[in-house]
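Results of the structural survey
Chain by chain, the residues run as shown.
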Amino acid sequence: MLRRIALTSSLRSLSLFFHHFPLFYQSPPFSNPAVNLSSRHCLRRLTTPPTTTLRCISSQTSSDLVSEHPPFVRIYKDGRVERLSGTETVPASLTPQNGVVTKDIVYSPKHNLSVRLFLPHKSTAGNNNNNKLPLLIYIHGGAWLIGSPFSPIYHNFLTEVVRTANCIAVSVQYRLAPENPVPAAYEDAWSAIQWILSHSDGSGPVDWINEHADFSRVFLAGDSAGANIAHHMAVRAGEEKLNARIKGAAIIHPAFWGKEPIDELDVQDREARRRVAEVWEKLVSPNSVDGADDPLFNVVGSGSGFSGLGCEKVLVAVAGRDVFVRQGLGYAEKLKRSGWRGDVEVMLEEDEDHCFHLLNPGSENAPRFMNKFVEFITG
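Residues numbered from 1 in each chain as written. Predicted model: local features only at pLDDT ≥ 70, side-chain atom pairs only at ≥ 80, totals over all residues. Heavy atoms only, no water.

Looking at the overall build of the protein
Summing up its helical and strand segments, the protein has 9 helices and 14 strands in all. The burial tally for the protein puts 58% of its 379 residues in the buried class. Of all intrachain contacts in the protein linking residues separated by at least 6 positions in sequence, the fraction that spans at least 24 positions is 76%. (Helix = DSSP H or I, 4+ residues; strand = E, 2+ residues; numbered from the N terminus. Buried < 20%, exposed > 50% of the residue type's maximum accessible area, 1.4 Å probe, protein only. Contact = heavy atoms within 4.5 Å.)

Here it is, written out as structure tokens:
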């Protein structure tokens, strides 16, 4: 069954995606090599923890540069990569922040990868072991190139989700391109899911998950590149045996693409299509034989099937001004026609842009998105 919720009135065909992510390429020298960090990347309704650190800032000169790919990365002659955004981090804290406590746990010693756990503080007070909570596994976005569970934008967003939904959340770190091209991110996400679900019998390494997670209510979610990864994880969950079944998957503003438009309303401009495709082909998956038509990226236009999707329901959230809006809607329609027997719900915010709830949390529609996301987890 396909349900669609449209919350505003007009659909804009031209996305503002490039306003947030101006995908152009330059050769050195550069007139303005400074990193620009904007406070709009912190959810305004929450208070950012007092200690904020900045990672991966390089002191090398423009003469050492090979290429620049704003707003994501610079690549230097010696192979080093400098990230231009998504490097801010905030620490986890056992002191409640907005009623939520957090801590970081290494899940992959081999790759030095961690998850950030979020738990309502009231669950840690007294003997509440019998009060099991929905478990949300979240995969962050950032074009496979930037971001982490430790950034203010995701720390604050998931703090609000956990506070409102009264759930436990596990936010997954994965290896980033270009140092670790695809499929590294997908391998890491699957490894993290297996590690999380290894707690389903109550004997896992993390007490918070053992004691508080309800493994009959496991939800998988991600935004942008993270939504792409979340889809592929849900497919794999239907193909391979896991210790628990995923109840629902929230695919938020998914980064799906292809060399050709999927319909007449998809982006037609060849230059715009090339600019999006080059992020995948030059940085994320340079060894892909099919380029932007790689089935990992071209989810809607490829021949990959959805009928075995390993969850019971899917929420597809799209934004009318997003460059990926037609891909997201096409994904929902393809899922409906696939023979998969679950429920699909589409949430369309017609006058908003890519990941507006994160990049523009002051938007009047951001609370409505939050309410729908929380309802998906708790309903």
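Some thoughts on the packing of helix α2 (residues 152–165) against helix α9 (residues 366–378)
Orientation of α2 relative to α9, taken along the N-to-C sense of each, is 55°, at an axis distance of 10 Å. Comparing the axis directions of α2 and α9 gives the class oblique. Of the two elements, α2 crosses α9, and the hand of that crossing is right-handed. In this structure, α2 uses Phe157, Glu160, Val161, Thr164 and Ala165 to contact α9, whose residues at the interface are Phe369, Met370, Phe373, Val374, Ile377 and Thr378. In terms of residue class, the contact of α2 with α9 is made up of 8 nonpolar, 2 polar and 1 charged. (Axes fitted to C-alpha atoms, helices over the stretch in contact; angles between N-to-C directions. Parallel < 35°, antiparallel > 145°, perpendicular 65-115°, else oblique. Left-handed = near helix turned anticlockwise from the far one by under 90°. Nonpolar A, V, L, I, M, F, W, Y, C, P; charged D, E, K, R; others polar.)

Brief notes about the sheet that holds strand β3 (residues 65–69)
The strand order across the open sheet built from 3 strands is β3-β4-β5, with neighbouring strands paired in antiparallel fashion. Across the chains shown, the open sheet's two edge strands, defined by having one partner strand only, are β3 and β5 (81–83). For this sheet, the mean angle separating the axes of adjacent strands, direction not counted, is 15°. (Pairing = 2+ DSSP bridges.)

Considerations on the packing of helix α3 (residues 184–197) against helix α5 (residues 225–239)
Relative orientation of the contacting elements α3 and α5 amounts to 55°, with a least axis distance of 10 Å. With respect to their mutual orientation, α3 and α5 come out oblique. For the pair α3 and α5, the crossing hand works out as right-handed. Seen from α3, the contacting residues are Ala185, Tyr186, Ala189, Trp190 and Ile193; seen from α5, they are Asn228, Ile229, His232, Met233, Arg236 and Ala237. For the contact of α3 with α5, the residue count by class is 8 nonpolar, 2 polar and 1 charged.

Some remarks on the pairing of strand β13 (residues 313–319)
Within β13, 7 of the 7 residues are buried, which leaves it mostly tucked inside the rest of the structure. When strand β12 (residues 246–252) meets β13, the two strands line up parallel, connected through 5 bridges. Note on β13: the bridge partner recorded for Ile252 is Ala317. For β13 and strand β14 (residues 343–349), the ladder comprises 7 bridges, and the chain directions are parallel. Bridging across to β14, Ala317 finds its partner in Met347.

A look at the confidence of the model for the protein
The pLDDT averaged across the protein works out to 86; a share of 82% of its residues lies at or above 70. Taken as a whole, residues 5–58 scores under 50 in pLDDT and shows 144 contacts with residues more than four places along the chain or in a different chain. (pLDDT = per-residue confidence, 0-100.)

Overview of the pairing of strand β10 (residues 168–172)
Side-chain positions along a regular strand alternate between the two faces of the sheet. The buried fraction of β10 amounts to 5 of the 5 residues, a majority that puts the element mostly inside the structure. Judged by which residues are buried, β10 turns out to be covered on both faces: Ile168, Val170 and Val172 on one side and Ala169 and Ser171 on the other are all buried. As judged from the 4 bridges shared by strand β8 (residues 113–120) and β10, these two strands associate in the antiparallel manner. In the strand pairing of β10, Arg116 is matched with Ser171. In the sheet, strand β9 (residues 133–139) pairs with β10 via 5 bridges, with the strands oriented parallel. When the bridges of β10 are listed, Tyr138 appears paired with Ser171. Handedness of the β9-α2-β10 crossover: right-handed. (Right-handed = clockwise from strand over helix to strand, strands pointing away.)

Some words on the packing of aromatic side chains
Evaluated as defined, the whole model comprises 13 aromatic pairs. Here the aromatic rings of Trp144 and Phe297 are separated by 5.8 Å at their centres, their planes lie at 85°, and the arrangement is edge-to-face. With Trp144 in the loop between β9 and α2 and Phe297 in the loop between α6 (270–284) and β13, this residue pair connects regions lying 153 residues apart in the sequence. As far as burial versus exposure is concerned, Trp144 and Phe297 are alike and both buried. When the centroid spacing of 5.6 Å and the interplanar angle of 90° are considered together, the rings of Trp257 and Phe324 count as edge-to-face. Separated by 67 residues along the polypeptide, Trp257 in the loop between β12 and α6 and Phe324 in the loop between β13 and α7 (325–337) bring together distant segments of the chain. Overall, the relative accessible area of 0% leaves Trp257 in the buried class. Judged by its relative accessible area of 4%, Phe324 is buried. Following the ring pairs from residue to residue traces out a cluster consisting of Tyr138, Tyr154, Phe157, Phe356, Phe369 and Phe373. For Arg273, the ring lying beneath its charged end belongs to Trp257, and the centroid distance is 4.1 Å. (Phe/Tyr/Trp six-rings, centres within 6.5 Å; stacked < 30°, edge-to-face > 60°. Lys NZ or Arg CZ within 6 Å of the ring centre and 35° of its normal.)

Examining α7
Over its 13 residues, α7 extends 19 Å from the first C-alpha to the last, a length consistent with the 18 Å expected when each residue adds 1.5 Å. Looking at α7, one finds that the buried residues are Val325, Arg326, Gln327, Gly328, Leu329, Gly330, Tyr331, Ala332, Lys334 and Leu335. Looking one or two residues beyond α7, the residue adopting positive phi is Gly339, at roughly 95°. (Expected span 1.5 Å × (residues − 1).)

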